[in-house]
Structures are given as C-alpha cells and as structure tokens.
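# Descriptive analysis of the structure
One letter stands for each residue in the lines below.
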Amino acid sequence: MSIDWAALRAAMEVPQRFVLTSHVRPDCDALGSELGMAALLRQMGKEVTIVNDSETPQHLAFIDPEYEIKQLGKDITREEVLSGFDAFMVLDTSAWIQLGEMAEVMQEFSGTKLVLDHHVSQDDLGGEMFKDAKCEATGRLVYEAAKAWDMTITQQTASVLFTAIATDTGWFRFPSVSGSTYRAIGELVDAGAVPSEVYGNLFENERLQRVNLRGRILSSAKIIHDGKLAYSMATRQDFEETGATPSDTEDAINKTMAVSGVEAAILFVELPNGDGVKASFRSRSSLDVAQLAQQFGGGGHVAAAGALVKKPLDEVVEMLLEATEKAMG
C-alpha cells in the first residue's frame, strides 16, 4: 500500500467530531468503508456521524442494521453538519460531482478535511488526500488502516469490509484481485465475516421490481462496433412501470459484458427525477473508461467508471457511443 498511514493517523489526532461521507447512490464499498472507518475512529475516542447525499439503497440496507447512516436534508441539515463537526472525511470518491449536495457542505466546511480513496480520477477537494489507485477497494484501505494502527476488527466491522471488498472486485473476479486480497479476506472471515450471509443478502434477496427492471435492461441490449461494444438502458418509463429505483440497476451492466466478443459496455440510466442520464462504463480491453468518463464530467477506474450527463437520453446515447467507438479505434 502506498498510503502513509502514520500521516493519516496524525491528521486525525486533534479533531474530535468527525462527519464521514461518500458518493451519491452509494454502493457497498462506499457504505462499508464509511461504517468501517467510523468503527476505527470510535476506537480512537472520536465522535462520528455518517451523512450521505443519497439514501442507502433499499437492497443494501442489510449492511447498516442500526440505521447509522444519515441522509442530508432528511435526517440532518447542512447547518448541523457545518456547525457540529471539526473534521470532514470523504471515502470512496475524489470527485466533486460524486458528492451531490455534500459537495457544497464540504466547500463551506472550515475544519480538517480528509479524503481516502482508490479511484484514478480526482478533483482538488481542498483536503489532505490519501489515495492508492492500485487498491481493489476503499474497504481494503480501511482494513489496512486498522492493521497499521493495531485496531480491533469486530465481527460487524469485518462483515462490512468483507462486503465492500467482495462487491468492488465483482466477488473476486476482477483483475484488481491479488494474493493479498485473499489474505485480507481470510483475516476478515477469521474476524467474523460470513461469506454465505453476505452473498445471500446481496444476490438472493431480490425485490420483484429489481428483477423486472433487470429484464428490461437486458432486453434493450444491443451490440455494435463489430460486436465489441455492448450497450443497454433503463428509461424513465421503465422505472415508472416496474416501480424500481436507479439503485436497482447496479451490476446489470456486467451481464452485457458476459456476451462473447464484447470488450466494453455502457449502461444508460435515465434518472426518474429528471436529473439527467447516469452512464456506467466497463472495459476488459485496453480501453481506459476512466479517461472516457472524464470527458463527460465523470471518472472512476481504468476498467469501470461512470458519469452523469444532464442532457436528454437520446443525445447522451448518441454522444457517448460516438466517443466510445472513437476511443476503441
């Protein structure tokens, strides 16, 4: 790991009241990293509150059984965040656009600002950056922090960190996985994480609305660029008719990547609140989708990235497909 854990620990010594946040539409790595870091900070005697722009997706609620994670504007006001804490920590993103309304709060915040992330792309968030873009998950970084600081990893912390790492590695099938990944996972299992329970909560506890939406996304799939580029979409009408939510599109893109010959894929999600189109990119070739996403205000990893484009769906599809085909050569 390339992170100076002693420097991060030193930056945490003086502040006593921490607010933790992550990206909009949080996934398991975001949520698990927040909960894991909160547990470590409490071992240091700190007060910790987790506040996200978005609510925790219903199908991921199992990761937070105590309902510890708050939503800005619903459970806590921006004024309470600005006045109630002396340290602000961002996990699992380094991009302003990914913070939603929490970005404005961070910009106004006058206390210590810290960022812990593993994504390649980044903005200057005005805080001290602790990043390892070669790491497979931010949850793994939190695990490494616990080891470096000689912290106790409880059964609950082991479970959330296991979930973070397992999901961000595609259940250990992505190229980011190494021998050290499995060694870390082994220690988390020894500490109390139960893989069968995590898997059951993630993949064997589906809502019918989510299943129906997944069917629509897959039925919309098309392949272009000599069979190398797949794309699919979820429209506003799909959400209205199935009763699903944008978080129900998670991982659907990976199904199109399973088609023989496909080297890259895009999932277009027309947000039902009219806030634009969320595009998710995947690649298993030399195509760097983080650079591709950056062209449209997004970012991420070389093999997995995303962007939010505030234009009509048809325009976004045409624009991004053209850019992707050009990048693929």
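Above this note sits the structure.
Presented here is an overview of the structure given in this document. Per chain, residues are indexed from 1 in the order of the written sequence. Given that this is a predicted model, residues contribute local features only at a pLDDT of at least 70 and side-chain atom pairs are listed and counted only at 80 or more, while totals for whole chains, interfaces and linings are drawn from all residues. Excluded from the side-chain calculations are hydrogens and water; all other atoms, namely the structure's heavy atoms, are used.

### A look at the pattern of salt bridges
Criterion for a salt bridge: a side-chain nitrogen of Lys or Arg within 4 Å of a carboxyl oxygen of Asp or Glu. This structure, assessed with the given rule, holds 16 salt bridges. Between arginine 140 and glutamate 144 there is a salt bridge, and its shortest N-O distance comes to 2.8 Å. Here glutamate 144 and arginine 140 lie together in helix H5 (residues 138-148), a separation of four residues that amounts to about one turn. Both residues of the pair, arginine 140 and glutamate 144, count as buried. Where lysine 147 meets glutamate 187, a salt bridge forms, and the shortest distance between an N and an O atom there is 2.7 Å. Residue lysine 147 is located in helix H5, and its partner glutamate 187 is located in helix H7 (residues 179-190); the two are separated by 40 residues in the primary sequence. Connected through shared salt-bridge partners, Glu206, Arg207, Arg210 and Asp248 make up one network. Comment: elements are numbered from the N terminus, with helices defined as DSSP H or I runs of at least four residues and strands as E runs of at least two. For the exposure calls, accessible area comes from a 1.4 Å probe over protein chains only, and a residue counts as buried if that area is under 20% of its type's maximum, exposed if over 50%, partly exposed in between.

### Brief notes about unusual backbone geometry
The phi dihedral of tyrosine 67 falls on the positive side, at around 55°, and the residue is not glycine. Within the secondary structure, tyrosine 67 is located in the loop between strand S2 (47-52) and strand S3 (69-71).

### Description of the sheet that holds strand S9 (residues 264-270)
A pair of strands is treated as paired once DSSP finds two or more bridges between them. Pairing is mixed across the open sheet formed by six strands, whose spatial order is S7-S8-S9-S10-S12-S11. Each end of this open sheet is capped by a strand with a single partner; those strands are strand S7 (222-224) and strand S11 (299-300). As judged from the three bridges shared by S7 and strand S8 (residues 229-234), these two strands associate in the antiparallel manner. Paired with lysine 222 across the bridge in S8 is tyrosine 231. Residues count as neighbours in contact if any of their non-hydrogen atoms are within 4.5 Å of one another. For helices, the axis comes from a line fit to the C-alpha atoms of the stretch in contact; other axes are also lines fit to C-alpha atoms, and the angle between any two N-to-C directions lies between 0 and 180 degrees. The strands touched by helix H9 (residues 208-219) are S8 and S9; relative to S8, the strand with the most contacts, the crossing angle is about 140°. Across the face of the sheet, helix H13 (residues 313-328) comes into contact with S7, S8, S9, strand S10 (277-283) and strand S12 (304-309) while running at roughly 165° to S9.

### Thoughts on the sheet that holds S2
Backbone-to-backbone hydrogen bonds pair the strands of a sheet. The strands run either parallel or antiparallel. Here six strands make up an open sheet; going across it, the order is S3-S2-S1-S4-S5-S6 and the pairing parallel. Strands with a single pairing partner mark the edges of an open sheet, and in this sheet they are S3 and strand S6 (128-131). Direction aside, neighbouring strands of the sheet carry axes that sit 25° apart on average. For strand S1 (residues 17-21) and strand S4 (residues 87-91), the ladder comprises four bridges, and the chain directions are parallel. Considered in S4, the bridge of threonine 21 is made with valine 90. Relative to strand S5 (residues 112-117), helix H1 (residues 5-13) is tilted by about 145°, and along the sheet it contacts S1, S4, S5 and S6. Running at roughly 165° to S2, helix H2 (residues 28-43) makes contact with S1, S2, S3, S4 and S5 of the sheet.

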